[in-house]
Amino acid sequence: MSSIGQSVEKAFTTMTSKNSKVVDLQRDILEPRTSQPLTTDHGVKVADTDNWLKIIGSDSESKSESKKNGPSLLEDQIGREKIHRFDHERIPERVVHARGTGAHGHFKVFDDRASKYTFAPVLTDSSRTTPVFVRFSTVQGSRGSADTVRDVRGFAVKFYTEEGNWDIVGNDIPVFFIQDAIKFPDFVHAVKPEPHNEVPQGQSAHNNFWDFVGLQPESAHMVMWVMSDRGVPRSFRMMQGFGVNTFTLVSADGKRHFVKFHFIPELGVHSLLWDEALKINGQDPDFHRKDLSEAIESGAYPKWKFAIQTIPESEQHDFDFDILDATKIWPQESVPLEEIGELVLDRVVDEFFPETEQVAFCTSHVVPGIGFSDDPLLQGRNFSYFDTQISRLGANWEELPINRPVCPVFNHNRDGKSRHRIVKSEVNYWPNRKDIGHPVSEEKGGYVEYAERLQGIKQRARGSKFQEHFNHAQLFYNSLAAYEKAHLVNAIGFELSHCEDPDVYRSYINVLNNIDFDLAKAVAVQVNGDVPNKPGRDNHGRTSHGLSQLDFLPKEPTIVSRRIAILISDGFNAVEMQAVRAALTSAKAVCYLIGPRRNHIRPMAGQDLGPEVFADHHFDSQRSTLFDAIYIPSGEEHVKTIAKNGRVVHWVREAFGHCKAIAAVGEGVDFLREVVRLPASVDLFTPSRVQGIDEVVTSYGVVTTGKYSASSVVTDVLNIAADTRGFASNFAFQISQHRCYERELEGLTQQVAF
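Cut-offs and rules
Residues numbered from 1 in each chain as written. Predicted model: local features only at pLDDT ≥ 70, side-chain atom pairs only at ≥ 80, totals over all residues. Heavy atoms only, no water. UniProt positions renumbered as here; feature names shortened; annotations may be inferred. Helix = DSSP H or I, 4+ residues; strand = E, 2+ residues; numbered from the N terminus. Rg over C-alpha atoms; globule rule 2.2 N^0.38 Å. Contact = heavy atoms within 4.5 Å. Lys, Arg positive; Asp, Glu negative; His and termini not counted. Charge placed at Lys NZ, Arg CZ, Asp CG, Glu CD. Buried < 20%, exposed > 50% of the residue type's maximum accessible area, 1.4 Å probe, protein only. Pairing = 2+ DSSP bridges. Axes fitted to C-alpha atoms, helices over the stretch in contact; angles between N-to-C directions. Parallel < 35°, antiparallel > 145°, perpendicular 65-115°, else oblique. Nonpolar A, V, L, I, M, F, W, Y, C, P; charged D, E, K, R; others polar.

The name an unreviewed UniProt entry assigns to the chain is Catalase, from the organism Suillus plorans. Taken directly from UniProt, the Cofactor (unreviewed entry) text for the chain runs: "heme". UniProt annotates the chain under Catalytic activity (unreviewed entry) with the comment "2 H2O2 = O2 + 2 H2O".

Caption draft 1: Fine view of the overall build of the chain. Scanning the chain for helices and strands turns up 22 helices and 19 strands. A globule of 754 residues ought to have a C-alpha radius of gyration of about 27 Å, and the chain, at 30 Å, matches this closely. Its C-alpha atoms give the chain principal-axis dimensions of roughly 95 × 90 × 65 Å. Taking contacts inside the chain between residues at least 6 apart in sequence as the whole, the part at least 24 apart equals 73%. Measuring between centres, the 83 positive side-chain charges of the chain sit 3 Å from its 101 negative side-chain charges.

Caption draft 2: Quick look at the UniProt feature "active site" (unreviewed entry) in the chain. Per the UniProt record, the feature "active site" (unreviewed entry) sits at H97 and N171. In summary, the annotated positions, though distributed over 75 residues, converge in three dimensions, the widest C-alpha pair being only 10.3 Å. Within the secondary structure, H97 sits in the loop between helix 3 (77-87) and strand 3 (100-109). Look past the residues within four positions of H97 in its chain and what remains in contact with it is R135, S137, T138, V139, G154 and N171. Mapping N171 onto the fold places it in strand 6 (residues 164-171).

Caption draft 3: Geometry of the side chain of R392. Tracing the backbone shows R392 in helix 11 (residues 376-393). The class of R392 is buried, set by a relative accessible area of 8%. Setting aside residues up to four positions removed in sequence, R392 forms contacts with I91, P92, E93, R94, E357, Q358, V359 and A360.

Caption draft 4: Structural context of the sheet that holds strand 17 (residues 661-665). Here seven strands make up an open sheet; going across it, the order is 15-14-13-16-17-19-18 and the pairing mixed. Taken across any chain shown, the strands that pair with only one partner, and hence form the sheet edges, are strand 15 (617-618) and strand 18 (696-699). Note: strand 16 (residues 629-632) against strand 17, four bridges, orientation parallel. When the sheet's bridge partners are listed, Y631 is paired in strand 17 with A663. This element, helix 16 (residues 574-586), spans strand 13 (563-567), strand 14 (590-595), strand 16 and strand 17 of the sheet and lies at about 150° to strand 14.

Caption draft 5: Here's a closer look at the packing of helix 7 (residues 220-227) against helix 12 (residues 471-479). The interhelical angle for the contact between helix 7 and helix 12, taken along N-to-C directions, is 25°, at an axis separation of 7 Å. When the axes of helix 7 and helix 12 are compared, the pair comes out roughly parallel. Between helix 7 and helix 12, the residues in contact are A220, H221, M224 and W225 and H472, A473 and F476, respectively. In terms of residue class, the contact of helix 7 with helix 12 is made up of five nonpolar, two polar and no charged.

Caption draft 6: Geometry of the environment of M239. Position of M239 relative to the elements: it lies in the loop between helix 7 and strand 7 (241-242). M239 gets classed as buried once you look at its relative accessible area, which sits at 3%. Spatially, the C-alpha atom of M239 lies 14 Å from that of V344, the residues being 105 residues apart in sequence. With residues up to four places along the chain from it excluded, the contact list for M239 reads F136, R153, G154, F155, D172, P233, P265, G268 and W304.

Written out as structure tokens, the structure is:
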């Protein structure tokens with residue numbers, strides 16, 4: 001890309017979301033002023049909102065003049081309205097994707113490089129900034145379920161374009177469990193809590209789900225993705241987004257391409273460990289929601305590159321799979337990605353319900369230049385999404401502020417529940433004598449479907465290429481790193497071990513044996529399945545780029561928005577801590593001081609004259625699971641104190657077991673060595689065990705040094721790169737790698753109790 005192109009691309013990252021949709025929403029936003037008076041919904045000021053209107057009489061049998069409560073009166077309109085409105089606050093939650101959160105932002109293309117595929121200005125006009133609203137969600141659980149369950153994540157984007165709303169109703173996984181939409185009710189019934197006891201909530205580890213996918217082999221590819229680390233993302237900001245279905249693009253000269261849509265996160269693709277995800281479910285069930293708002297409000301705006309894969313209509317049948325099959329990917333070696341724009345989220349919602357809960361997406365919402373394919377899953381989604389919004393929000397759901405377009409809207413649709421728009425006109429039909437609401441030609445922007453020639457026989461069937469179900473599951477499994485494969489084996493083992501029916505957990509081994517022989521054997525041993533003695537089919541051995549999360553590490557290592565816990569107690573080295581913290585925050589990491597109390601923590605002797613240091617949290621109120629890394633400063637008294645605190649000891653062991661970056665200085669190194677207690681053959685701390693020596697040692701993601709003095713600070717200009725000499729720089733690089741999985745692969749984490 002040219003330097004001009006690079007500068008233009010970089011400029012996108014500084015844009016704000018003071019866009020046309022934000023302006024549009026202002027007319028529905030009420031900002032109460034201080035001492036705002038209370039009124040009823042019909043505008044009457046309320047004198048008393050604490051007592052229902054009732055009869056208050058005197059007690060005739062009492063000698064005192066005490067007053068006695070009588071019956072409450074139905075005539076109390078103020079009381080009835082307050083209770084009535086409370087009783088009707090809830091609307092039906094989504095059947096799937098009920099648990100979610102959202103944010104506002106904008107989208108912009110880099111240039112007109114996509115004009116060879118489409119004439120849609122949202123994808124070709126670089127002078128435009130298109131407002132967006134994005135909603136992330138889990139699939140299986142209810143609105144009250146936890147964020148970090150193993151599940152697919154919804155990644156739905158509403159583009160408020162000048163030609164109308166365009167919705168990409170996607171997921172964080174590029175494929176789906178089924179090929180044909182008619183199977184969607186069966187899949188959802190199977191994955192949801194079982195009907196006889198409404199268990200389990202927010203997870204697929206139960207008989208019905210595994211029974212269904214075991215009998216529906218087209219789901220094999222999707223199961224591999226969900227059971228991989230993709231099923232437990234570290235953050236919404238660190239996961240990909242996919243349109244899942246095959247859409248079409250039509251160019252100005254009438255040529256059609258099939259297209260897949262991709263969102264690639266700037267921060268890379270990262271996940272939680274399963275033990276970590278389980279613990280966060282209880283420790284902070286809103287972890288992902290908080291993470292998103294914390295990042296936006298701190299100015300670390302989440303960003304994704306927007307990319308497309310395109311196939312000319314003439315090449316539709318040139319592949320060994322059907323490109324309209326939603327259980328298949330388009331391998332990047334055959335169909336390269338083209339990055340054409342950027343999505344940025346830069347504004348949190350003002351009120352959750354009218355924005356995040358009432359936002360509604362439809363795959364059928366496209367704009368001129370973008371169309372549909374004969375993808376049988378998409379065809380059914382186009383019907384279902386529109387239908388479910390009417391059921392949940394009413395026929396006029398597109399008039400709700402968060403859903404209405406920013407472009408002019410006019411048609412002859414009328415009435416219905418909760419109609420907002422008032423049309424001042426004598427006619428509500430077409431044709432009419434005043435030419436109101438007339439159709440628009442294609443030349444003037446009217447949407448015209450692509451003229452496609454079709455010939456066939458009407459029947460309930462699927463194309464011949466839809467019958468193969470395991471090649472892409474093998475491709476995904478083969479492309480994973482060693483630690484990713486190990487996590488996948490353990491994930492399937494965990495899920496099947498929660499299935500009580502032997503027919504369920506034993507039969508799924510047969511499905512796995514069609515993907516990989518060693519995979520099937522490993523899972524069978526874990527769950528008491530029948531260990532196969534030969535492969536169900538040979539593994540083709542092929543791999544593809546873009547399937548392992550390692551393929552998405554940022555080109556320039558970054559620790560932006562990473563959460564770092566600094567463990568301190570009375571007598572810690574405050575000068576050292578402040579120097580290290582300043583280095584990390586200069587790279588936009590977020591540091592938290594964790595101490596024995598949420599109050600002033602006294603530094604070591606001789607450092608009392610500096611500003612007071614307050615802990616953000618105490619040891620029992622937070623856990624290592626909620627942070628990306630931990631740092632233990634030096635200080636003899638401080639280290640002696642935390643060494644006697646079992647909670648702190650667990651903090652460090654747990655962070656080590658979860659493969660997180662850990663840093664320690666001076667006496668903190670001695671504490672770390674005693675806590676982790678690895679065999680003598682594995683010494684992570686030499687020579688930094690010798691206090692007073694400022695040589696930096698990095699081993700298995702653990703960064704240590706004997707001291708961090710003023711001279712260390714001078715030479716430790718933060719440089720996030722491998723093989724740097726400075727303590728803070730080394731620590732930052734280890735954080736940027738997300739985790740040190742070598743610790744796990746070489747069995748070190750198994751030797752530490754956490």
